[in-house]
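This is what each chain is made of:
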Amino acid sequence: MRPDLFEAPDYYNIDDLLSEEHKLVRDAARQWVKRDVSPIIEEYAQKAEFPKQIIKGLSDIGAFGPYIPEEYGGAGLDQISYGLIMQEIERGDSGIRSTASVQSSLVMYPIFAYGTEAQKKKYLPKLASGELMGCFGLTEPNHGSNPGGMETKYKDMGDHFLLNGAKLWISNAPFADIAVVWAKNEEGRIHGLILERGMEGFSTPETHNKWSLRASATGELIFDNVKVPKENLLPNKSGLGAPLGCLDSARYGISWGAIGAAMDCYDTALRYAKERIQFGKPIAAFQLQQKKLAEMITEITKAQLLALRLGQLKNEGKASSAQISMAKRNNVEMALKIAREARQVLGGMGITGEYSIMRHMMNLESVITYEGTHDIHLLITGADITGIPAFS
Amino acid sequence: MKILVCISNVPDTTSKINFTEGDTQFDTNGVQFVINPNDEFGLTRAMWFKEKQGATVHIATVGDASVEPTMRKALAIGADEGIRINAVPTDGFFVAEQLAHVIKEGAYDLIIAGRESIDYNGGMVPGILAGLLGMNFVNTCIGLEVEGDTATALREIDGGKEKVTAQLPLVIGGQKGLVEESDLKIPNMRGIMMARKKALNVVEPIGATTATADKKFEKPEPKGAVKLTESVDELVELLHTEAKVI
Ligand SMILES: Cc1cc2nc3c(=O)[nH]c(=O)nc-3n(C[C@H](O)[C@H](O)[C@H](O)COP(=O)(O)OP(=O)(O)OC[C@H]3O[C@@H](n4cnc5c(N)ncnc54)[C@H](O)[C@@H]3O)c2cc1C
């Protein structure tokens, strides 16, 4: 891959709306991605492997639980800092951002928000440092957009729970040390359980041959009569709202992350268009290419403002799930469209691993599907404004 | 050992440079500021002295409040304390005079400045500083060790290197080589969190002299359009008749 020459666009001087600390956190993440992610990411994506050596760096820049309080090993940052870190990581690769999202929002967050003091003390500091890596099991082979229908269930055996079922499409599963698994009890109510690798009957086969998020490991979680100690139940919230609360946090991060991928595609296309000469002129001199580039920066700027406002609402504890859905849906689609357009700007070069665009484009096909599909988020907005849910 | 690293707040090298008010003022609009690269090499070397020899590292910058993010970054990288001299720097002499005052009060053993700042490239501060303080001075320093109160410095000279020793207190003008680019530190989250609590003291400037004043800036001529030639002969012809360089 070519050297990473990324220069972040900021067409509306949005930096002026950020605090000194926001910028320090973001710039550190940006520098780290340039130094430690960009030079290796293409190779790992090509060979479909998660680069485990960057776990320490991810922890160093605060990518694991940035908003978790310091007493549990987090950085105690606000939601805008969290968003900015996700933006910078996804500027490098959506797969790496997925690992950070899962660890922060889907593993650390439920333990922090729904767990006991003992669970928080036991797991959170090690998850923040990357000593432990986690995954989140909600989706099942027969239940994707409709997780409420899940079949994974557990039985109270007196001194332990007995867990049976299977989860599919689980990011980080192949190497995770722990899993936050959502399952129904005998009354059919959804609860969260913390599983540890090595528990008898618990396996995590890898899902191969993905064309997307190739630098992120995806797999299954299979529970065959797994004995789960009772103290591993997350006691403080149950029902579908519990996993959905985690998704709110992750989706919020994705709405920022997608901006990062879009910025990288735009920046690459802009630079290429100014340098590539055809018919005696840089291709940036042609109106058709200018239209693409001008529309890209317009959409990025709108997405930045959307994410920033959502971050302010989140900081105040006022962001609704429906508002988060709107930002996730809008910003991911924006990034995917920009990736496709940017790829065309680069002509044949756009399909090679010399540039990041095609990798971003393929990655974003997962991002537009996971954490609630593009369609489902639209239905959430629809339900919110009409008061009539149209899911079923 | 007590070290002061002088940090200059400069535009990032990728910034677009423009001037306002009839080409007399630098236009900071949309410009990203960073730690002057020569100072960053020095700061990183100072961190080595902190880790290996238990040195205390302070940083000082002459500037208004807008330089604080750059200073906070230096604190996040590991400096212990910052001093901001609350004045807009006008020229090298002014900056050196302000810094000299702070240094006298702080009783530092080693002053690490950059050989030059990449904004105005004056290259005067470390030399004037040593003069004002009556301290030893080593410029264009590409290596530095300290044992007891003796420093051994490596200097870049035309076509080679020069090794010199000097007694502390010492001022150096540092540059790449003090550490390598790959040694530069990215502030980590722990550093950023700790930097929140570190002191960044603001002191008022002393009435200093302005020795020189900027009158006007000029940018280099923009590059003209590229002309593609069909043959070498045509190229030679154009270089002769149009560009008049051969
Ligand atoms: C790479 C990757 C990583 C993932 N990581 C995780 C993870 O870590 N943990 C986890 O739990 N899950 C994870 N997922 C799963 C992801 O969340 C699901 O794929 C997603 O929720 C969609 O479910 P599905 O694939 O079963 O699609 P389906 O739900 O079958 O949807 C198929 C299509 O039907 C549409 N559709 C479904 N219902 C409706 C409706 N009511 N109205 C209109 N259209 C509808 C959808 O929009 C979609 O277009 C991951 C997925 C991928 C691809």
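Values in this document were obtained by computation on a predicted structure and should not be read as measured data.

Chemist: Please clarify how the interface of chain A and chain B should be interpreted in this entry.
Modeler: Interface extent is often summarised as the accessible area lost during association of the parts. In this complex, chain A contributes 24 residues to the contact, which on the side of chain B involves 18 residues. Approximately 1,700 Å² of surface area, both sides summed, lies buried where chain A meets chain B, with 54% of it carried by carbon and sulfur atoms. Ranking the residues of chain A by area buried against chain B places E20(A), L24(A) and Q31(A) at the top, with a combined share of 33%. Applying the counting criterion to the chain A and chain B interface returns 3 salt bridges. A salt bridge links E70(A) to R196(B); the nearest nitrogen and oxygen atoms lie 3.2 Å apart. Applying the counting rule to chain A against chain B returns 6 residue pairs in polar contact (both at pLDDT 80 or more). Residue contributions to the side of chain A that touches chain B peak at 11 residues, all from helix α1 (residues 20-46) of chain A. In terms of residue class, the side of chain A that touches chain B is made up of 8 nonpolar, 6 polar and 10 charged.

Chemist: Mind showing me how you'd approach the site of the ligand here?
Modeler: Residue and element names in this part refer to chain A. Inspection of the region around the ligand gives 18 residues, with T139, S145, W169, T373 and F391 positioned closest. D375 places a polar side-chain atom, nitrogen or oxygen, 2.9 Å from an oxygen atom of the ligand. Measuring from a nitrogen atom of the ligand, one finds a backbone N or O atom of F391 at 2.7 Å. Across the complex, the protein chains shield 68% of the 970 Å² of accessible surface that the ligand would expose by itself. Elements that contribute at least two residues to the shell around the ligand include exactly β3 (160-171) and α10 (374-386). Of the residues belonging to the shell around the ligand, the class tally is 9 nonpolar, 7 polar and 2 charged. Lining the shell around the ligand are residues from two domains, each supplying at least three of them: domain 2 (135-238) and domain 3 (241-386).

Chemist: Help me out: how do you make sense of the domain arrangement of chain A in this one?
Modeler: Residues and elements named next belong to chain A. When the domains of chain A are assigned, the result is domain 1 (14-133), domain 2 (135-238) and domain 3 (241-386). The straight-line distance from the C-alpha centre of domain 1 to that of domain 2 is 23 Å. For the pair domain 1 and domain 2, the summed buried area comes to about 2,200 Å², and 64% of that belongs to carbon and sulfur atoms. There are 1 salt bridge connecting domain 1 and domain 2. For the salt bridge of E196 with K122, the shortest nitrogen-to-oxygen distance reads 3.1 Å. Our count for the contact surface shared by domain 1 and domain 2 stands at 12 residue pairs in polar contact (both at pLDDT 80 or more). For the side of domain 1 that touches domain 2, the secondary structure elements donating two or more residues are α1, α4 (94-114) and α5 (117-129). In terms of residue count, α4 provides more of the side of domain 1 that touches domain 2 than any other element does, 12 residues in total. The class makeup of the residues in the side of domain 1 that touches domain 2 is 18 nonpolar, 8 polar and 6 charged.

Chemist: Just checking my understanding: could you explain the environment of M86(A) for this structure?
Modeler: Residue and element names in this part refer to chain A. Inspection of the secondary structure assignment puts M86 in helix α3 (residues 79-92). Spatially, the C-alpha atoms of M86 and G260 are 7.8 Å apart, while their sequence positions differ by 174 residues. M86 has contacts with A63, R97, A100, S101, G253 and G257, leaving out every residue within four places of it along the chain.

Chemist: Can you help me understand a nonpolar patch on the surface in this one?
Modeler: A grouping of Y11(A), Y12(A), L17(A) and L305(A) is seen on the molecular surface, where their side chains present a nonpolar patch of about 490 Å² in accessible area. Relative to the elements of secondary structure, L305(A) occurs in helix α7 (residues 287-315).

Chemist: Whenever I open this one, α10(A) confuses me. Can you help?
Modeler: Because each turn of an α-helix spans 3.6 residues, side chains separated by three or four positions end up pointing in the same direction. Residues and elements named next belong to chain A. Taking 1.5 Å per residue, 13 residues should reach 18 Å; α10 reaches 19 Å between its end C-alpha atoms and fits that length. Those residues of α10 that fall on the buried side of the exposure criterion are H374, I376, H377, I380, T381 and A383. Contact partners of the buried residues in α10: α6 (241-275) and α8 (321-345). Positive backbone phi, at 80°, marks G387, one or two positions downstream of α10.

Chemist: I tried to follow a negative patch on the surface on my own but got confused; where do I start?
Modeler: A cluster of like negative charges, contributed by E230(B), D233(B), E234(B) and E237(B), occupies part of the molecular surface. For D233(B), the position within the fold is in helix α6 (residues 232-241).

Chemist: So what exactly am I meant to see when it comes to the packing of aromatic side chains here?
Modeler: Each aromatic ring pair is characterised by the separation of its centres together with the angle its planes make. Within this structure, the stated rule accounts for 17 aromatic pairs over all chains. Of the aromatic side chains, those joined through ring pairs into one cluster are Y67(A), Y82(A), Y109(A), Y114(A), F136(A), W182(A) and Y252(A). The ring of Y44(A) carries K47(A) above its face, with NZ or CZ at 4.3 Å from the centroid. Against the face of F49(B) rests R45(B), its NZ or CZ located 5.1 Å from the ring centre.

Rules used in this analysis
Positions within a chain are numbered from 1, following the residues in the order the chain's sequence is written. For this description, chains carry letters from A and ligands carry numbers from 1, given in the order in which they are written. The predicted nature of this model means local features are confined to residues of pLDDT at least 70 and side-chain atom pairs, given and counted, to a pLDDT of 80 or more, with totals for whole chains, interfaces and linings taken over all residues. For the side-chain quantities, the full set of heavy atoms in the structure was used; hydrogens and water were omitted. Two residues qualify as a contact provided that any one of their heavy atoms is within 4.5 Å of a heavy atom in the partner residue. Once two parts are put together, the accessible area they lose, assessed with a 1.4 Å probe and summed over both, is termed the buried area. A carboxyl oxygen of Asp or Glu within 4 Å of a side-chain nitrogen of Lys or Arg is what we treat as a salt bridge. Any N or O atom pair separated by 3.5 Å or less is treated as a polar contact, with the protein-specific requirement of one donor-capable and one acceptor-capable atom, and with residues adjacent in sequence counted only for side-chain atom pairs. Strands here mean DSSP runs of E at least two residues long; helices mean DSSP runs of H or I at least four residues long; both are numbered from the N terminus. As a working rule, the residues Ala, Val, Leu, Ile, Met, Phe, Trp, Tyr, Cys and Pro are called nonpolar, Asp, Glu, Lys and Arg charged, and the rest polar, with Gly in that last group. Nearness is defined per residue: one heavy atom within 4 Å of the molecule or strand is enough. Residue burial considers only the protein chains on display, and all accessible areas are found by Shrake-Rupley using a 1.4 Å probe. Note that the domain bounds reflect an automated or database-derived domain assignment. Patch definition: residues with relative accessible area over 30% and no salt bridge; like charges joined within 9 Å; nonpolar side chains (Val, Leu, Ile, Met, Phe, Trp, Tyr) joined within 5 Å. Given a helix with a known number of residues, its expected span is that number minus one, times 1.5 Å. Exposure categories follow from relative accessible area, calculated using a 1.4 Å probe and restricted to protein chains: below 20% of the type maximum is buried, above 50% is exposed, and the middle band is partly exposed. Under this rule, positive means Lys or Arg and negative means Asp or Glu; His and the chain ends count for nothing. Working definition for charges: the position is that of NZ of Lys, CZ of Arg, CG of Asp or CD of Glu. Note on aromatic pairs: the rings of Phe, Tyr and Trp (six-membered ring only in Trp) are paired at centre separations within 6.5 Å, and the planes decide the class, stacked below 30 degrees, edge-to-face beyond 60, tilted for the rest. We call a charge positioned above a ring when the Lys NZ or Arg CZ atom is no farther than 6 Å from the ring centre and deviates by at most 35 degrees from the ring normal.

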